[in-house]
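# Examining the three-dimensional arrangement
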Amino acid sequence: MSKLRDSAAELLAETLRDGMTLAVGGFGLSGVPRDLIEAVRESGVKDLTVVSNNMGVDGKGLGLLLENRQVSKVLASYVGENKEFARQFLEGELEVEFNPQGTLAERLRAGGAGIPAFYTATGVGTPVAEGKPTAEFDGRTYVQERGIVADVALVHAWRGDTDGNLVYRRTSRNFNPVCAASGRVTFAEVEEIVAPGELDPDHIVTPGVYVQHVVQYSGAPKEIEQRTTRPRPDAQGAGGVEGGAA
């Protein structure tokens, strides 16, 4: 049965409830499921726990949900680009659980693989390990981390088929695969949707078994957090002709 849907907004409105946990792919604004985040905003659900590498920037990405006061708790590894996040956190309006980046990725992967907990050396002896069980293996102390299973996962993919198999492009293959696996119900917005059998099986990153709903991405321009450039050397100046041999 095809997993292609006409309206992400309608589906999410039917699926989402106050107090749910959402796992959201992307890294900053790279590979974020922009259309799906906007659909969550329009749904008006509140008291969400959001698991994502970070919370976007002010007015973009997951920053939209913060500004709409829909998020009560965040599990993230980096939050330095969002002033509204900082304000809510410092004023006690937002609960935050910081995770080392690799630990967060592994917690999501473990949840998707049915692994309830694992041990890692990362964070031992720091506030990250406070209140968590520890154990010693081969003379080294490790802290126990729990796998994350989200009520709903939202991801963005480059190509996908109507069976839900997904391929990510370049840096968009960041937290999207592990978020997709961690969700009890996973929504994927896809730039190019093809028929079953058109994707090279060797290129599929997220198998369709993890995805319940596929929607066409709107094609809205992708945004950049910070643009940094440098002047190109004068083709006729010192340093030789650009692109040529010295």
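Residues numbered from 1 in each chain as written. Predicted model: local features only at pLDDT ≥ 70, side-chain atom pairs only at ≥ 80, totals over all residues. Heavy atoms only, no water.

In the annotation of an unreviewed UniProt entry, the protein chain is listed under the name CoA transferase subunit A and assigned to Kocuria rhizophila. Reading the Sequence similarities (unreviewed entry) entry of the UniProt record for the protein chain gives the comment "Belongs to the 3-oxoacid CoA-transferase subunit A family." (UniProt positions renumbered as here; feature names shortened; annotations may be inferred.)

On to the nonpolar core. In this structure, Leu12, Leu22, Val40 and Leu154 are the most contacted members of the largest nonpolar core, which totals 30 residues. Sorting the residues of this core by element identifies α1 (8-15), β1 (21-24), α2 (34-43), β2 (48-51), α3 (63-67), β3 (71-76) and β8 (150-161) as the ones contributing at least two each. Ranked by residue count, the leading element in this core is α2, at four residues. By size, the runner-up hydrophobic cluster in this structure holds 20 residues, among which are Ala150, Phe175, Ala180 and Val190. (Core = buried A, V, L, I, M, F, W, Y, C linked by side-chain atoms within 4.5 Å. Buried < 20%, exposed > 50% of the residue type's maximum accessible area, 1.4 Å probe, protein only. Helix = DSSP H or I, 4+ residues; strand = E, 2+ residues; numbered from the N terminus.)

Note that Asn54 resides in the loop between β2 and α3. The exposure class assigned to Asn54 is buried, which follows from its relative accessible area of 5%. A distance of 3.1 Å separates the side chain of Asn54 from the backbone nitrogen of Gly28, its partner in a polar contact. With residues up to four places along the chain from it excluded, the contact list for Asn54 reads Phe27, Gly28, Leu62, Ala76 and Tyr78. (Polar contact = N/O pair within 3.5 Å; in protein donor to acceptor, adjacent residues only side chain to side chain. Contact = heavy atoms within 4.5 Å.)

A separate point is the packing of aromatic side chains. Throughout the structure, instances matching the rule amount to four aromatic pairs. Measuring from centroid to centroid gives 5.7 Å for Phe137 and Tyr142, while their planes differ by 75 degrees, and the two rings are edge-to-face. Chaining the aromatic ring pairs together yields one cluster made of Phe85, Phe89 and Phe98. (Phe/Tyr/Trp six-rings, centres within 6.5 Å; stacked < 30°, edge-to-face > 60°.)

Bringing helix α5 (residues 101-113) into the picture now. End to end, α5 covers 19 Å across 13 residues, agreeing with the expected 18 Å (1.5 Å per residue, within 8%). Among all positions in α5, only Thr103, Leu104, Arg107, Leu108, Ala110, Gly111 and Gly112 are buried. Looking one or two places after α5, you find Gly114, whose phi comes out positive at around 80 degrees. (Expected span 1.5 Å × (residues − 1).)

All right, on to a nonpolar patch on the surface then. Together, Phe89, Leu90 and Phe98 line one region of the surface with nonpolar side chains, adding up to about 310 Å² of accessible area. Along the chain, the position of Phe98 falls in strand β4 (residues 95-98). (Patch = residues over 30% accessible without salt bridge, like charges linked within 9 Å, V, L, I, M, F, W, Y side chains within 5 Å. Areas by Shrake-Rupley, 256 points an atom, 1.4 Å probe, with all protein chains shown as cover. Salt bridge = Lys/Arg side-chain N within 4 Å of Asp/Glu carboxyl O.)

Per-residue confidence for the protein chain averages 92 on the pLDDT scale, and 95% of its residues sit at or above 70. Low pLDDT (under 50) marks residues 239-246, which in the prediction has six contacts with non-local residues, meaning those over four places away or in another chain. (pLDDT = per-residue confidence, 0-100.)

What follows is about the pairing of strand β10 (residues 183-194). Here β8 pairs with β10 via 10 bridges, running parallel. Each residue of the ladder has a partner; that of Ala157, found in β10, is Val190. As paired elements, β10 and strand β11 (residues 213-216) share four bridges and run parallel to each other. Bridging across to β11, Val190 finds its partner in Gln216. (Pairing = 2+ DSSP bridges.)

To continue, consider the sheet that holds strand β5 (residues 117-120). On the basis of which strands lie adjacent, the open sheet formed by three strands has the order β5-β7-β6 and antiparallel pairing. Strand pairing shows two members of the sheet lacking a second neighbour, β5 and β6 (134-137), which therefore form its edges. Along the sheet, successive strands turn relative to each other by an average axial angle of 40 degrees, direction set aside. Pairing of β5 with strand β7 (residues 140-146) involves four bridges; the strand directions are antiparallel. When the sheet's bridge partners are listed, Tyr119 is paired in β7 with Gln144. (Axes fitted to C-alpha atoms, helices over the stretch in contact; angles between N-to-C directions.)

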